[in-house]
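For reference, the chains in residue letters:
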Amino acid sequence: MTDDKKSDWNPKSELASRDQVEINDEMRQRCPVAHSDMLGWSIFRHADVKRILNDRESFSNVVSQHLTVPDGMDPPEHTAYRETIEPYFAADRVDQFEPVCRQIADDLIDAAFADGRDVEVNDELAARFAARVQCAFLGWPDGLSTRLIEWMANNHQAIRESNRTAMSHLARQFEAIVDEQVDQRIVNDADDRNDVTSSLMRERVFGRKLSSEELSSILRNWTVGEIGTISASNGILLHHLAGDENLQSQLRDDSALLPNGIDEILRIHNPLVSNRRVTKCPVRIGDRDLDADERITLHWISANRDEDAFDDAEKIRVDRDPTNNLLYGAGIHVCPGAALSRMELRVFVESLFEKTAWIAPQPDSPAVRAFYPASGFSSLVLRQVSPPQA
């Protein structure tokens, strides 16, 4: 190992034992381009992350030996698959799905806060909402949501432990879930159904139907990404709203501020920890020289809190210009489901505001932050109380 590739930090130890926001802020200041055996080159500054996102000549998304459609592809393959999936997140589809999403939020929030007891947000609201909404979006049975939540928890544990045997087993488990849904549609004639999964089974790329492996990859990417980030996002949102009376009052009083307010809350505590890239050629990032075929980890939590990109970076400002916010990425790999995710999060908060007078932390049960690879909170207990006196 050259001097430039010495180990600058130990993410396996630090991310598993310390506040992820704190360690990201620290690394951005101390060593903004840092090397470790676990993550390769970690990139913490906003400008460096944005450069990598927009420079597809120097940085590749093909980071795994496993097929990942389309995130783990570069053009021209990425372009063809991206054009196939983008219509599923068009504005009219999102609008049509909103009432379904709202009913799920209403049902869960009604049940959680009905008798005035304390609510464990992760178990009773955030994960259930994310999984049930995703099942509804894909046309999967609602009862499958519990199985998906358990799968997500096991997958995070396997990643945390770098247990490749467990990760391979879990990948096969998810493929089995997809196979079940596909097989049911084959038996019952998917051509007569209009749900998302049935529609994907009819899609064609490069003049042929999607293979079973491609279909499974797309559905896994959507499901794992959506359930994990929506669940973490709702926990983060409720934690900040409960802990900031002025912010909660401002957003309750003016619903027009919710979209920007939600994006801004999630900017300062990103629900997605990181993404990967690999160098296609020798490059210089900051003061470090990287060879070709080097692994890169982009740290969203750090980039979106960078003082050089955001004035008063640690403050939530609902009127902030969102241009630099990397919540949904940037470049050709910007999240295709951003509009869907924004709708789901807005609907969840709207329902919460409609069905509660005020939410506050439970002082006897302080929030516990989640450890890598998850973001948000592993435990968050809230209660409904009377609004504070003006």
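Scope of this entry: the structure provided in the associated data block. (Residues numbered from 1 in each chain as written. Predicted model: local features only at pLDDT ≥ 70, side-chain atom pairs only at ≥ 80, totals over all residues. Heavy atoms only, no water.)

**As for the side chain of Thr297**
In step 1: Inspection of the secondary structure assignment puts Thr297 in strand E10 (residues 295-299).
In step 2: At 2.8 Å, the side chain of Thr297 and the backbone oxygen of Leu39 are in polar contact.
In step 3: Beyond its immediate stretch of four places on either side in the chain, Thr297 contacts Leu39, Trp41, Ser42, Ile43, Ser274 and Asn275. (Helix = DSSP H or I, 4+ residues; strand = E, 2+ residues; numbered from the N terminus. Polar contact = N/O pair within 3.5 Å; in protein donor to acceptor, adjacent residues only side chain to side chain. Contact = heavy atoms within 4.5 Å.)

**Some points on the packing of helix H7 (residues 144-160) against helix H10 (residues 212-243)**
In step 1: Taken N-terminus to C-terminus, the directions of H7 and H10 make an angle of 85 degrees; their axes are 11 Å apart at the nearest point. The angle between H7 and H10 falls in the class roughly perpendicular. Residues Leu148, Trp151, Met152 and Asn155 of H7 form the contact with H10, whose own contacting residues are Arg220, Thr223, Val224, Ile227 and Gly228.
In step 2: Looking at side-chain class alone, the contact of H7 with H10 contains 5 nonpolar, 3 polar and 1 charged residues. (Axes fitted to C-alpha atoms, helices over the stretch in contact; angles between N-to-C directions. Parallel < 35°, antiparallel > 145°, perpendicular 65-115°, else oblique. Nonpolar A, V, L, I, M, F, W, Y, C, P; charged D, E, K, R; others polar.)

**Quick notes on the pairing of strand E2 (residues 40-43)**
In step 1: Relative to E2, strand E1 (residues 33-36) runs antiparallel, the two being bridged by 4 bridges. Across the sheet, the residue bridging to Ala34 is Ser42, located in E2.
In step 2: Taken together, the 3 bridges between E2 and E10 define a ladder with parallel strand orientation. Looking across to E10, one finds that Ser42 is bridged to Thr297. (Pairing = 2+ DSSP bridges.)

**Focus on the packing of aromatic side chains**
In step 1: Under the criterion given, the structure shown has 9 aromatic pairs.
In step 2: Ring plane angle 75 degrees and centroid distance 5.6 Å describe the contact between Trp9 and Phe44, whose orientation is recorded as edge-to-face. Here Phe44 lies in the loop between E2 and helix H3 (46-54) and Trp9 lies in the segment before helix H1 (11-14), a separation of 35 residues in the sequence. There is no split in this pair, since Trp9 and Phe44 are both buried.
In step 3: An angle of 65 degrees between the planes, with centres 5.7 Å apart, marks the rings of Phe97 and Phe137 as edge-to-face. (Phe/Tyr/Trp six-rings, centres within 6.5 Å; stacked < 30°, edge-to-face > 60°. Buried < 20%, exposed > 50% of the residue type's maximum accessible area, 1.4 Å probe, protein only.)

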